[in-house]
Structure formats: structure tokens, C-alpha cells
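Analysis of the macromolecular model
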Amino acid sequence: MADIIKLLPDHVANQIAAGEVVQRPASVVKELMENAIDAGSTSIKLIVKDGGKTLIQVVDDGLGMSETDARLSFERHATSKISSAQDLFNLQTKGFRGEALASIAAIAHVDMQTRTADNEVGTHLKIEGSKIISQDVVATPKGTSISVKNLFFNIPARRNFLKSNQVELRHITDEFHRVAMVHPSIEFHFYNNGAEIFNLPSTKHRQRIVHIFGSKMEHRLVPVNEETDVVKVSGFICKPEFAKKSRGEQFFFANNRFIKSPYLHHAVVAAFEGLIKSDTYPGYFLFLDVDPSSIDINIHPTKTEVKFDDENTLYAILRSTIKHSLGQFNVAPVLDFDHDPNLDTPYSYKEKGAVLPKVTVDSTFNPFEEKTPSKGTGRGNFHKQSTKGWEDLYEGLGNQNDNQEFSSVVIESESEEQGTLYSGEDIEDHLASTFQLRRKYVVSTVKSGMLVIHQNRAHERVLFEKFLGEITVKEGVSQQLLFPLELTFNKQELAVLKEIKESLTNIGFAFQSLEEETVKVTGVPMMVPESGIGTVLDRLIADYMEGYSDGSISQAELLAKALSRNLAVRTGDVLDQESQLILVNNLFACKEPNLSPFQKITYTIISEGDIDKKFN
Ligand code: ADP
Ligand code: MG
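Being a predicted model, the structure only gives us computed values, none of them experimental. (Residues numbered from 1 in each chain as written. Chains lettered and ligands numbered in written order. Predicted model: local features only at pLDDT ≥ 70, side-chain atom pairs only at ≥ 80, totals over all residues. Heavy atoms only, no water.)

1. Structural notes on the overall build of the chain
A count of helical and extended segments in the chain gives 19 helices and 22 strands. Counting all 616 residues of the chain, 49% fall into the buried class. Counting contacts in the chain only where the partners sit at least 6 residues apart, residues at least 24 apart contribute 67% of the total. When the accessible area of the chain is evaluated, it comes to approximately 31500 Å², of which 52% is carbon and sulfur surface. (Helix = DSSP H or I, 4+ residues; strand = E, 2+ residues; numbered from the N terminus. Buried < 20%, exposed > 50% of the residue type's maximum accessible area, 1.4 Å probe, protein only. Contact = heavy atoms within 4.5 Å. Areas by Shrake-Rupley, 256 points an atom, 1.4 Å probe, with all protein chains shown as cover.)

This is the structure in C-alpha cells:
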């Protein structure tokens, strides 16, 4: 049999590679802007038309290319940036694959003019679908201008896949932000359909962020700075009160590259815990500098996913650094960040004069006195004795209760944390009314005293059992969205979504497809507010990934836990009368009402005896 394996012609190979590197116009923008930065430019102009479908042009004032380099730059694996595999572990540039220009030229009409400082004239090249159409000498300023027209002209399927001009422009703008934010000293201009939409002068990080996101940012940013052996963290977080409902102003950069990391994102969210509402997101702009050899960017062609050697340490450092910054900000609201708050006397102490401590003696106190008149007198049997005592207290009120189950829980002991189970009816019968204490506890009366429920933990328990049930019996009620919601996920997040898709569907989520980065959500569980879908899914994915590393519990349980954590009412949430009652009833209808899914006590009973003692 004759040999049948052939090497693919270059232009075919390039076209295949292009599929990976160039997903949409924004990918071209990213590659061209990064090349301009690698070329040492001080000013970069981005010009797009029709969401980049008609034209994407990047003009820089960088090094430029010689005639030979200009031609070579369009060859695959042609790069000036690395020369050996070793260099991969010490990357200082954005590019290194030598793939971008070759890929772009394979699927578009490219026009390049470039000149180096030591040449009087420059080179003008035209390439269409990998074929050089023309090469001329041209008078052009130092630097490079590349325009890319008719993207995907030879791949109609791809071209049809492109979204509306507005959507594509949004993607381009995202890329522009990411590049511009990390290079504040470079000047950027961005024109769309002839109108200038960004004009960013050379400045520092803080001002660059303000220029991009508007002057409202000015007073929202809290600086973050920490230097350790492993990482240098700098940048800004947004004050908690400006946390947003939507995803958006959250940026991680590692060694001057925009990266996505649900794991590190989680570290930031964890630092904000308790300071912001569950369905809101903190804004952050964080720049991490790590030893280039401890980071691997080679994982994916679009290069937003990176791998750090020591993610766990990074997580811990990030979290505590941000907590520290938040703390500093709370102590010193006057934006005096250089000032060391440790040297401050707490305000309340400063205002107080020195007072002699007072000792008060209760001369009538007799430790051997019996607390309640009691019929039974078994000395060694405190338990029984006090239960009896409690019954006496109610005798006069004609409220005799022989219900064994109930009286067994009414124990006047020192302990506030009695883990005894109540049946739902007992609670209902005796719930006089409820009120909320410090937006944290729901308080009610029960026969034995005062019932105090931790609203967040209790709701977690309720939701946990509900979701666990739904996942296993597949009975979640879905709320169909009138307009499917588009959310973007990275590969890692998508992989997780696929993994848990079935469980998510069981509880009411519906997805159109999980094949592309942009996922259309068409339905959500009744409980999830439309505005919070992105947040819930994000946190779910992060929680799921985190939970998986420690082990053994089932996917259903892990998910139910994550969902309950993310959807439960928080401390700080106001509950109306009805919600309070429902919470109490639902809690005691649970199989395990006394513990949250995270093994924390959900409620306690302060017995009448405990209260009486305080009045002694
Ligand atoms: P990479 O950036 O990975 O090296 P590219 O295909 O993006 O690969 O670019 C190939 C080469 O072309 C680069 O290594 C660089 O030498 C040259 N080049 C590309 N764009 C520019 C530019 N704007 N200015 C100067 N040189 C450039
Ligand atoms: Mg490049």
C-alpha cells in the first residue's frame, strides 16, 4: 500500500491554528495590541469598524520591522521573542508563540506598513488568506500599522457565528480595557466607526482605572499593597459599599497579563465576606507579580488561563492582604493610607477618662439556696429536679403539659446549646410571635424560654435539605427566562459547568449549550433572582472547585452546600414577619434542624431559668 500521510500545506495548517487563536474580532485586537506593546510603543491607536467585522487597525510607534522581518512575521512559529524552550520559563513579553500574525493572515485581508528607526523608508505588505499579494517600499512613520479587514472571509461558518456589532464591540472593549489597564504609562486611543471612544493619556494605575471607568471610581478605590517572597500584590479594591450586582469590574493581572482565576477570585470574595451582600460582587484591580518561572502561561492559546506553582499560598496571601486593606480602610476612613492604624487608640477609649474599677457585692446571694420551689428533692439529680421546677412555674397558668417529648427538652441547665430535636408542631403551637434581632437572629418564645435562631445558618440548613432532595429526585421547579441570559465563562469554568450540568438541571437550571464560552441560560430555579444568576453560578463553580479538592463527599451534597451558602439570607438581611415565621417552621421541618450544612449550631434556647438568674 502506498504511503498516505501528507504534511498539510502551510496555509491549511495556519487556518486550523487560526481557529484556536482567533475566535472573534476581539482576539485580533488583543494580539495586535500585545504585539505593539512588546515592540516598546509609547502610544497605541486602535481603530475598529462594525464591531471589528469590517476593520481592525492598530497603529503603534514601536520598534518597527525590517523588510525581512516584516515578511517573516507572517510565518508560523516565527517570533523574535523566544529562541529556546528555556525562555518559556522566563517570559517577559506578551507574545511568544509566533502564531498570531500567521493565523490572522490566514483568515483575513491584512495590510501592514512598518519602519524601523534606522531605515529611511518602510515596508508595505498585503496578504490575503496567507498569500502575499504585494510588497512595496513606503514612506511611513517609525513603528507599525497593521489593518485587518474582512475577518473570516474564507470561513463563512465562523463569520456567521459572529454576534451583533454591539456584542463584538463589547468584547473588543473588554480586551482594550485589559491591555490598557496594565500599561498605564502607554498612551491609548480607541476609535469606533470614526468616533473616539477612549483617549487615555500616559499616567499611573489609579488614574488609568479612573480614566477607563469614569470619575466615580476616584473615591471608591482602596489601595492594596503587599510584598512577600512568593508574590507582590498591588492595585486596588473597591470599597464594600460599591459592590455591584453584576459581574464586571474584576481584574487580575499576573506579570502584566490579564488572567482569569476563579480560585483567586474566590480568595477576594472571601476577604469581603460579611462586608457585602451575598448577591453582590466586589470590584477589584489586582496586579500580581510572581517569579516568571513559577507561572505557566503556556496552557491555552488565548493565554488568560495560567497555572501558578503554589496556588494555595497565593490564595492565603491574597485573602489576608485584602482583609488588611479593608481593615485599614475601616479604621482610617479619611483615606490616610500611609498612616499606621496600630498606633491609634480606639476612639471610644480616647474619649473616656480613667475611672476606678468598681466592685459590687450582692450581700444577699446564697449559693446554696434553691432556685425554684420544687417538690422533688433528689440532690444528685439536678436534671430532673429542674425540669420539675419548670413544670411548677406553669402550674398556676393552667398549662399542664404531659407531652414527654416536649418536657424532655426543657432543661434548665447552664448550657445554651441544647441540640434536642423539636417536632414542627411543638414549635408552631408555641410560637407566639417572632422578631428579628440585629438583622442576625430570629427570636421567638417557646414553652421553655426564648428561641434564638441564627437566620443565615438556619436558612442554609433549610435550603441544603431542599436542594439535596431536588437533586436526587429531579423535581426542581424552573423559572423560564423571557430573554435568555448570556454569560461568559472560561474553559475551566465551562468544564465544571458540564460536570455538574445534570444536577443543575435537576434543580431548575436550563442551558442552551455548554460548548462555547458564552453560555445562554434559559431557565433558573424559582429561588434565584434574575439579577443574581451570574453571581450564583460563579460562586457555585468556585465553591464546587474548592470543595472538590478536599474530597470525599458526593457531588449532590457539594452542590447543595454551595447553593445553600450562596442563596441563604445573610446576616444583615431584613426579614419581614412572614419570612421569619416561614424560616422557623421550615427549619424545624428539617431532618437535622440543629446544625447548618457546615456543622454550625443553627439555634439555641435561652431557658426561662437562665433569664431568671439574671434577675437574681
Ligand atoms: P509573537 O508575538 O508570539 O512573537 P506574532 O505572530 O504575534 O508572534 O508576531 C511575530 C513577530 O512579528 C513578533 O515576534 C515580532 O518580532 C514581530 N511583530 C509583530 N507585531 C509587531 C509590531 N507591532 N512591531 C514590531 N514587531 C512586530
Ligand atoms: Mg504576538
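On we go from here.
2. Examining the site of ligand 1
Near ligand 1 you find 18 residues, and of these Asn-35, Thr-79, Ser-80, Lys-81 and Gly-98 are the closest. Contact between ligand 1 and Asp-60: a nitrogen atom at 2.8 Å from a side-chain N or O atom of the residue. When the free accessible area of ligand 1 is taken as 530 Å², the share hidden by the protein chains comes to 92%. A per-class count over the shell around ligand 1 returns six nonpolar, eight polar and four charged. (Near = heavy atom within 4 Å. Polar contact = N/O pair within 3.5 Å; in protein donor to acceptor, adjacent residues only side chain to side chain. Nonpolar A, V, L, I, M, F, W, Y, C, P; charged D, E, K, R; others polar.)

3. Topic: the environment of Ala-26
Counting through the fold element by element, Ala-26 comes out in helix α2 (residues 25-38). The exposure class of Ala-26 is buried, given its relative accessible area of 3%. Along the chain, Ala-26 and Gly-52 lie 26 residues apart, while their C-alpha atoms are 7.6 Å from each other. If near-sequence neighbours (up to four positions away) are discounted, Ala-26 is found in contact with His-171, Ile-172 and Glu-175.

4. Regarding the sheet that holds strand β21 (residues 518-525)
In spatial order, the strands read β19-β21-β20; together these three strands make up an open sheet with antiparallel pairing. With partners counted over all chains shown, the strands left at the sheet margins are β19 (478-488) and β20 (510-511), one partner each. As judged from the seven bridges shared by β19 and β21, these two strands associate in the antiparallel manner. Bridged to Leu-485 within β21 is Val-521. (Pairing = 2+ DSSP bridges.)

5. A closer look at the packing of aromatic side chains
Per the stated rule, a full pass over the model turns up 15 aromatic pairs. Taken together, a centroid distance of 4.8 Å and an interplanar angle of 45° make the contact between Phe-176 and Phe-190 tilted. Pair noted here: Phe-176 is in helix α6 (residues 165-182) and Phe-190 is in strand β7 (residues 187-192), with a separation of 14 residues, a long-range link. Summarising the burial analysis for this pair, Phe-176 and Phe-190 share the class buried. Ring centres of Phe-251 and Phe-253 lie 6.2 Å apart, and the angle between their planes is 5°; this geometry places the pair in the stacked category. (Phe/Tyr/Trp six-rings, centres within 6.5 Å; stacked < 30°, edge-to-face > 60°.)

6. Quick notes on a negative patch on the surface
Taken together, the side chains of Asp-291, Asp-296, Asp-309 and Asp-310 make up a negatively charged region of the molecular surface. For Asp-296, the position within the fold is in strand β14 (residues 295-296). (Patch = residues over 30% accessible without salt bridge, like charges linked within 9 Å, V, L, I, M, F, W, Y side chains within 5 Å. Salt bridge = Lys/Arg side-chain N within 4 Å of Asp/Glu carboxyl O. Lys, Arg positive; Asp, Glu negative; His and termini not counted. Charge placed at Lys NZ, Arg CZ, Asp CG, Glu CD.)

7. Some details on the nonpolar core
Leu-32, Leu-46, Val-148, Phe-176, Phe-188 and Phe-285 are the most contacted members of the largest nonpolar core, which has 59 residues in total. In contact with Phe-188, not counting residues within four places along its chain, are Met-33, Ile-37, Ile-44, Phe-176, Val-179, Ala-180, His-183, Phe-198, Asn-199, Leu-200 and Arg-208. Within the second largest apolar cluster, 34 residues are counted, among which are Ile-471, Val-524, Leu-537 and Ala-562. (Core = buried A, V, L, I, M, F, W, Y, C linked by side-chain atoms within 4.5 Å.)

Note that all results are geometric; they support no functional claim without further evidence.
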